[in-house]
Amino acid sequence: MNKNIAAFILCSAVPVLGYAQGNMNMQGMSGLFNVPDASVLEYGTATVAWDAQVDGRFSRNRKLNDQGNDVNIGAGIFPHIEITPRNVTDRSTTDSSDLSFNVKLQLPWELLNGVSFAIGEQDFGGSINEYDTKYAVTTWQYGKFRSTLGFGQYDGRAGQTLRLDGVFGGVEYAATNWLSVILEDDGYSQNTGVRLSTPDSLLPAGWKASMLWMLSGEEGVDGRNDWYGFNVKIPLGQKYQRTLPKDQPRVTLAARSVAVVEEQYGLDPELEKNPLLYPPDANITDPNVRARIENEAQLKREFIAANLEKVRVQRYGREWIIAFENLSYNNNVIDGLAVAIGMAASILPEGDRFYLQLEKYGIPVFGLGGEVGAWDAFMNGRGGLPESVMIAAPTSKLRRRSGVNIVQSTFEDVKEYLAFRPTVMLKPIVSSTVGTEYGVFDYSLAARADVILPLWQGAAFNISRNWSVHETDDFTKDGIFGGVFRAQRVTEGVKDRVISQTFRLGRGFTTMISYGRFFELSDGVSLESRWEPGDGRNRFRIILTDFEDKRDPSITRNARLASWRYFFQSTNSEINVTAGEFYNEDSGYKIDFTQHIGDTRLHLIYKQSEGNNFAGIGFTIPLTPRKDVGRFAGVQITGTPSWRYDINTIVGERGNRLVFGPNGIPTEFFNLRNGYFNGDRLSPAYIRANQERLREAWQTFGVGK
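The rules we used
Residues numbered from 1 in each chain as written. Predicted model: local features only at pLDDT ≥ 70, side-chain atom pairs only at ≥ 80, totals over all residues. Heavy atoms only, no water. 1 Å grid on protein atoms, 1.4 Å probe; cavity = no way out; pocket = protein on both sides within 12 Å on 5 of 7 lines; lining within 4 Å. Points joined across faces, edges and corners; volume = space filled by probe spheres on them. Helix = DSSP H or I, 4+ residues; strand = E, 2+ residues; numbered from the N terminus. Nonpolar A, V, L, I, M, F, W, Y, C, P; charged D, E, K, R; others polar. Axes fitted to C-alpha atoms, helices over the stretch in contact; angles between N-to-C directions. Left-handed = near helix turned anticlockwise from the far one by under 90°. Contact = heavy atoms within 4.5 Å. Pairing = 2+ DSSP bridges. Buried < 20%, exposed > 50% of the residue type's maximum accessible area, 1.4 Å probe, protein only. Right-handed = clockwise from strand over helix to strand, strands pointing away.

### Here's the deal with empty space enclosed by the protein
Empty pockets left among the atoms are what a rolling probe the size of a water molecule brings to light.
Okay, so step 1: For the coordinates displayed, the defined rule picks out six cavities of 30 Å³ or more.
Okay, so step 2: Roughly 120 Å³ of internal volume is contained in the largest cavity.
Okay, so step 3: Q241, N572, G598, A689 and N690 are the residues nearest the centre of the largest cavity, which is lined by 15 residues in total.
Okay, so step 4: When contributions to the lining of the largest cavity are tallied by element, the ones reaching two or more residues are helix 8 (684-689) and helix 9 (691-701).
Okay, so step 5: When grouped by side-chain class, the residues that make up the lining of the largest cavity number six nonpolar, seven polar and two charged.

This is the structure:
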């Protein structure tokens, strides 16, 4: 019987109802063995898979290639969308390999009750496509049976394994929650086997592992018909973080919500007697109303006890103004802000109001204010997010009191900052290639320490050093290909030696001027300026540099860049467009789409530089706990809150030559985005989109816990 007809009969014979989420197959897409189904990886979930199947051009030598090394790394980057980089090679991982990208789009609604539909492309984009196949697929389920039927059109160069070319299909029977039996026709071979999975509660934090064991009578290798693979599925955030903000089941605002009134304060004698213009109607003489804090000194002690630094408190009538700096919550500064909100809301008198001024090295970076009772209800799960003042890059609300000598006050601030209290941040540095003719994965790995020493308000000195950890042969002069990547290795030694001064200009404007040695090679000055108007959905930035090579001053690296970022509050995603002349004075643009899932960020990248077009995928993860330890002998040691890794490939031409260093944005480690604004996650729009994070952080790290 014709294989395609057999697949059609096999799939059509099974009754259907319901739907099952995806499991990664051996072709780098959710499905059975080689056949895709109509599911996608769940939004906010990643998967890492390996299998020993021989595929594509590596199956042409049927006697030699008896085992493959295929790696798939997929992510549900958005609801109903799955993207998977795939790298395929033969038995040896030091010879050539093929890097490709797969994409699948699922219809967001059911065609019929329980019937799901998806379209996808295998090995899309690029210039040399071994597996390029477009397909459409439908999946049904009834009880423990799931059946799939699809049609594909192959346009690749794999040669021996023309899978998914025409009709394909399969059936999976879930005997238990850890064992299923699979029968499929992938258009090239008929395959049977099993999938073994860990029970839902076996692994912590929602992780799940599985194994595929496939038997095939027509695989393109002599003397072998058994193939196997392993898969680990990883949730990228907590459960509430894997639901888009627009779909979050949130408590509505209270009918009575009072916003903080930003008063025009007069002279100091009037401040002490001036109540709020519209005081709340709470009866603060009621003995049941909390009034634990009676003066500024007590409140300051409470904040310091929670590992918040440089706490300053002023009280005007029934409004408390609290300025502080975050010490311990470096993974995401929102956690530190949540602790400050929770403390103010739980220990200040009912009916009072507060205004929190989060600072970094004396520069205000975020302001938030509200009524004590409303915030207390929200932080403890009894109400919705209050209508409150939220300001990015605000003007300082603290007022200098009468009789204070401004010169003496400034001198005391400088003396305090000059006290030796640096932060040391540790992180890995990787230069790598994936899927080249020289190997599956070549890399140069180093450890980096960044020391940031505050000097005075807004000023800091940053020095960084690398220590080489390991390099694959192709990054060394002894490599079998002559050290083909040696020029791109991560070298040892001191890299940045930069002094920076940050200026708060008010109304969302902030500027940093830096001078010194940048990126080991360049001496000169850089200017970074940003404007974050309104609620922070829009952010504009310019970067200007005047760099000379330390060895040859005739070599310049003068960047002229403008950037616009827009944050989509309803989906917790952002798009960042940067254009101009980049670090190597190459002209072009870069588009970076980012999806936030908790503290993980997934990136889709497209960039153009000097006529070359590139596409890629990447991720940013924290390499430090949510709460770091305090200082020891005045020194704080942390990991990095934002470690990013990208995979890029050149597109739009025949051949896939390697190009290093295009579209480099010359920002040193300690810049405005990372050093002051929490990786662009310190805005009213971001906080409203992630308001559940405030409550969860207070419940996790609050002083009463």
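### Structural notes on the packing of helix 3 (residues 296-305) against helix 4 (residues 333-347)
Okay, so step 1: It is at 11 Å that the axes of helix 3 and helix 4 come closest, and there the two elements cross at 145 degrees. As helix 3 runs across helix 4, the sense of the crossing is right-handed. When helix 3 is examined against helix 4, the residues L299, E302 and F303 are found in contact with a partner set consisting of A340, M343, A344 and I347.

### Quick word on the sheet that holds strand 2 (residues 70-78)
Okay, so step 1: Spatial ordering of the closed barrel is given by 1-2-3-4-5-6-7-8-9-10-11-12, a layout of 12 strands whose pairing is antiparallel. Along the sheet, successive strands turn relative to each other by an average axial angle of 20 degrees, direction set aside.
Okay, so step 2: Note: strand 2 against strand 3 (residues 81-88), four bridges, orientation antiparallel. Directly across from A75, in strand 3, lies its bridge partner I83.

### Some thoughts on the pairing of strand 15 (residues 353-360)
Okay, so step 1: Extensive coverage of strand 15 is indicated by the burial of seven of its eight residues.
Okay, so step 2: Looking at chain direction, strand 14 (residues 319-326) and strand 15 are connected through seven bridges and run parallel. Paired with I321 across the two strands is Y355, which belongs to strand 15.
Okay, so step 3: In this fold, the crossover linking strand 14 to strand 15 by way of helix 4 has right-handed handedness.
Okay, so step 4: Inspection of the sheet shows strand 15 paired to strand 16 (residues 363-371) by eight bridges, in the antiparallel sense. Counterpart to K360 in the pairing with strand 16 is I363.
Okay, so step 5: Here strand 15 folds back onto strand 16, and the loop between the two strands holds two residues, one of which, Y361, carries a positive phi near 50 degrees.

### Quick notes on the pairing of strand 28 (residues 600-609)
Okay, so step 1: For strand 28, the buried fraction is high: eight of the 10 residues fall into the buried class.
Okay, so step 2: The hairpin turn running from strand 27 (residues 587-597) into strand 28, its antiparallel successor, is two residues long, and G598 in that turn takes a positive phi close to 65 degrees.
Okay, so step 3: Direction of pairing for strand 28 relative to strand 29 (residues 612-621): antiparallel, over a ladder of nine bridges. Note that in strand 29 the partner of R601 across the bridge is T620.
Okay, so step 4: Following strand 28, the chain reverses through two residues before pairing antiparallel with strand 29; E610 in that reversal takes a positive phi of roughly 50 degrees.

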